[in-house]
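Summary of the model geometry
If you want the building blocks of each chain, they are given just below.
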Amino acid sequence: MITTIADAYAAQSATSPLAPLVINRREPGATDVEIEILFCGVCHSDLHQARNEWHNTVYPCVPGHEIVGRVTRVGSQVRKFKPGDLSAVGCMVDSCRTCVHCQAGLEQYCLAFPTFTYNGEDKFLGGPTFGGYSTSIVVDEAFVLRVPAGLDPAATAPLLCAGITTYSPLRHWKVGPNQKVGVVGLGGLGHMAVKFARAFGAHVVLFTTSPGKVADGLRLGAHEVVLSKDADAMKKHINSFDFILDTVSAQHDLNAYLGLLKLDGTLTLVGAPEHPLPVSAFTMILPRRNFAGSAIGGIAETQEMLDFCAQHRIVSDIELIPIQQINEAWDRLLKQDVKYRFVIDSSSLRP
Ligand code: NAP
Ligand code: ZN
Ligand code: ZN
């Protein structure tokens, strides 16, 4: 198969830092879009995956699934895009497209498993798919998103994962006015969840372990901020929440939040820590509470989210970095020190 090359950053093992690697991209086929990557957000999943915390990583691993770029070439049957268009790619680059979930626009739950943007199975070149910590990518147009006019491209990149992963469950559980909604953790996902829950009209309470994030939580849209290590402050919220979205990336006590739900309230976990989290039976059964999970969002819903963001002037709060600072940025993610999404300026990857 004919290929072009791209400059990338990759992990060669669970313990090696990210370092430069030249990778292949396929020549665009009839329905493919070739994108010159301008910006790529840094998701905590990139770090979990590269360090094999989910125990399924294939090396070399080129992370990155919050991609915004400029279309450079399109295949003969591509209708939605032309060279020069601003476009975006999120966590998936393909799915079976025929199963009941794909047919319902829920490609993220494809019964044959979606092809993820990195660490998926590359159906064209073999080996793992390579993500957005690179200069270019080639993706079937069905999995490429339009970036609406008026959105800052760098601050839009995190919407492709952090944005849709929080928008989708808040929509699915119909978060809106007259509801008390909690967001646990103020990182990349958490800060988008606060913005969306506020935009949807809910009363928003942010739970954070970081005293230094209280003022930012309020600025980003929370009505109240609770320091989760303050037992008395937590107690005041028992039996009061309609919905809580938990975005925490590491071990933490779920029961402390489940106990804050009211009758028939739901806690949805989107954080994906390495190890299982214990749930207490009595916290669930008295009074009848729900515990759920949610993964990213489908392609149509991702486009809906981007259009919603353009309409409501919502983007991510970002720190733009050159790729050469990626290992330091990952160290800061682990210290909960991100305000509130690192985004790679992809020009730093070009020679
Ligand atoms: P992030 O930017 O690192 O934010 C995570 C936040 O969790 C931190 O800022 C911190 O908030 C809190 N936290 C971290 N360690 C903690 C600990 N030990 N105890 C309590 N709180 C802690 O990460 P992210 O990119 O938002 O991703 C969050 C998680 O979602 C990751 O596990 C990621 O893999 C997962 N994810 C899932 C999906 C999905 O489809 N379900 C999609 C994307 C990402 P405070 O400082 O405010 O406490
Ligand atoms: Zn992600
Ligand atoms: Zn499918």
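**Details of the domain arrangement of the protein**
Segmenting the protein into domains produces domain 1 (3-161 + 318-349) and domain 2 (163-293). The C-alpha centroid of domain 2 is placed 28 Å from the C-alpha centroid of domain 1. Taken together, the 14 residues of domain 1 in the interface contact 19 residues of domain 2. For domain 1, the biggest contributors to the area lost against domain 2 are Cys161, Gln336 and Tyr340; these three give 44% of the whole. There are zero salt bridges connecting domain 1 and domain 2. Joining domain 1 to domain 2, the criterion identifies twelve residue pairs in polar contact (both at pLDDT 80 or more).

**As for the packing of helix α4 (residues 162-172) against helix α10 (residues 299-312)**
Think of two packed helices as two axes; the pair is described by the angle between the axes and how far apart they sit. Packing of α4 against α10 brings their axes to within 10 Å, and their N-to-C directions diverge by 100°. The orientation of α4 with respect to α10, classified from their angle, is roughly perpendicular. Side by side, α4 and α10 meet where Gly163, Ile164, Tyr167, Ser168 and Arg171 of the first sit next to Glu301, Thr302, Glu304, Met305 and Phe308 of the second.

**Considering the nonpolar core**
Within the largest apolar cluster, 83 residues are counted, with the highest numbers of intra-cluster contacts made by Tyr133, Phe196 and Ile326. The residues that make up this core include at least three from each of domain 1 (3-161 + 318-349) and domain 2 (163-293).

**Topic: the layout of surface pockets**
In this structure, the second largest pocket spans a volume of roughly 330 Å³. Contributions of two or more residues to the lining of the second largest pocket are made by β2 (19-26), β6 (92-94) and β8 (136-140). In the lining of the second largest pocket, the residues fall into eight nonpolar, seven polar and eight charged.

**Here's the deal with the coordination of the zinc ion (ligand 2)**
Each protein donor to the zinc ion (ligand 2) is listed here as Cys43 (SG), His65 (NE2) and Cys161 (SG); together their distances run 2.0 to 2.2 Å. Between consecutive donors of the zinc ion (ligand 2), the numbers of intervening residues give the motif C-x21-H-x95-C. Placement of Cys43 in the loop between β3 (32-41) and α1 (44-50) and of His65 in the loop between α1 and β4 (67-74) is noted, with a sequence separation of 22 residues between them. Overall, His65 belongs to the buried group, its relative accessible area being 8%.

**Examining the coordination of the zinc ion (ligand 3)**
Taken together, Cys96 (SG), Cys99 (SG), Cys102 (SG) and Cys110 (SG) make up the protein donors of the zinc ion (ligand 3), found 2.3 to 2.4 Å from the metal. Binding-site remark: the zinc ion (ligand 3) is held by donors from one chain whose sequence spacing is C-x2-C-x2-C-x7-C. Take Cys96: its relative accessible area is 27%, and that puts it in the partly exposed class.

**Describing the site of ligand 1**
In the vicinity of ligand 1 lie 31 residues, with His44, Thr208, Thr209, Ser210 and Arg341 positioned nearest. Between ligand 1 and Thr209 there is a distance of 2.6 Å, counted from an oxygen atom to a side-chain nitrogen or oxygen. With respect to ligand 1, the backbone of Val270 contributes an N or O atom lying 3.0 Å from a nitrogen atom. Put simply, the parts of the chain that give the shell around ligand 1 at least two residues each are α1 and α5 (188-199). Considering each element in turn, the shell around ligand 1 owes the most residues, three residues, to α1. Taken together, the residues of the shell around ligand 1 sort by class into 13 nonpolar, 16 polar and two charged.

**Focus: empty space enclosed by the protein**
The gaps left among the atoms become clear once a water-sized probe is rolled over them. If you walk through the whole model with that rule in mind, you get one cavity of 30 Å³ or more. Volume-wise, the largest cavity comes out at about 70 Å³. Lining the largest cavity are Gly90, Cys91, Met92, Leu145, Leu160, Ile164, Ile296, Gly297, Gly298, Ile299 and Thr302. Tallied by class, the residues present in the lining of the largest cavity amount to seven nonpolar, four polar and no charged.

**A word on helix α11 (residues 326-334)**
Among the residues making up α11, those that are buried are Ile326, Ala329, Trp330 and Leu333. Each buried residue of α11 sits inside an arc of 100° when the element is viewed along its axis, so together they form one side. In this structure, the buried side of α11 is in contact with β1 (3-10), α1, β16 (318-322) and β17 (341-345). Gln336 sits one or two positions beyond α11 and adopts a positive phi of about 60°.

Scoring rules and cut-offs
- Residues numbered from 1 in each chain as written.
- Chains lettered and ligands numbered in written order.
- Predicted model: local features only at pLDDT ≥ 70, side-chain atom pairs only at ≥ 80, totals over all residues.
- Heavy atoms only, no water.
- Domains from an automatic or database assignment.
- Contact = heavy atoms within 4.5 Å.
- Buried area = accessible area lost by both parts, 1.4 Å probe.
- Salt bridge = Lys/Arg side-chain N within 4 Å of Asp/Glu carboxyl O.
- Polar contact = N/O pair within 3.5 Å; in protein donor to acceptor, adjacent residues only side chain to side chain.
- Axes fitted to C-alpha atoms, helices over the stretch in contact; angles between N-to-C directions.
- Helix = DSSP H or I, 4+ residues; strand = E, 2+ residues; numbered from the N terminus.
- Parallel < 35°, antiparallel > 145°, perpendicular 65-115°, else oblique.
- Core = buried A, V, L, I, M, F, W, Y, C linked by side-chain atoms within 4.5 Å.
- Buried < 20%, exposed > 50% of the residue type's maximum accessible area, 1.4 Å probe, protein only.
- 1 Å grid on protein atoms, 1.4 Å probe; cavity = no way out; pocket = protein on both sides within 12 Å on 5 of 7 lines; lining within 4 Å.
- Points joined across faces, edges and corners; volume = space filled by probe spheres on them.
- Nonpolar A, V, L, I, M, F, W, Y, C, P; charged D, E, K, R; others polar.
- Donors = N, O, S within 2.8 Å, 3.2 Å for Na, K, Ca; no water.
- Near = heavy atom within 4 Å.
- Arc of directions from axis to C-beta.

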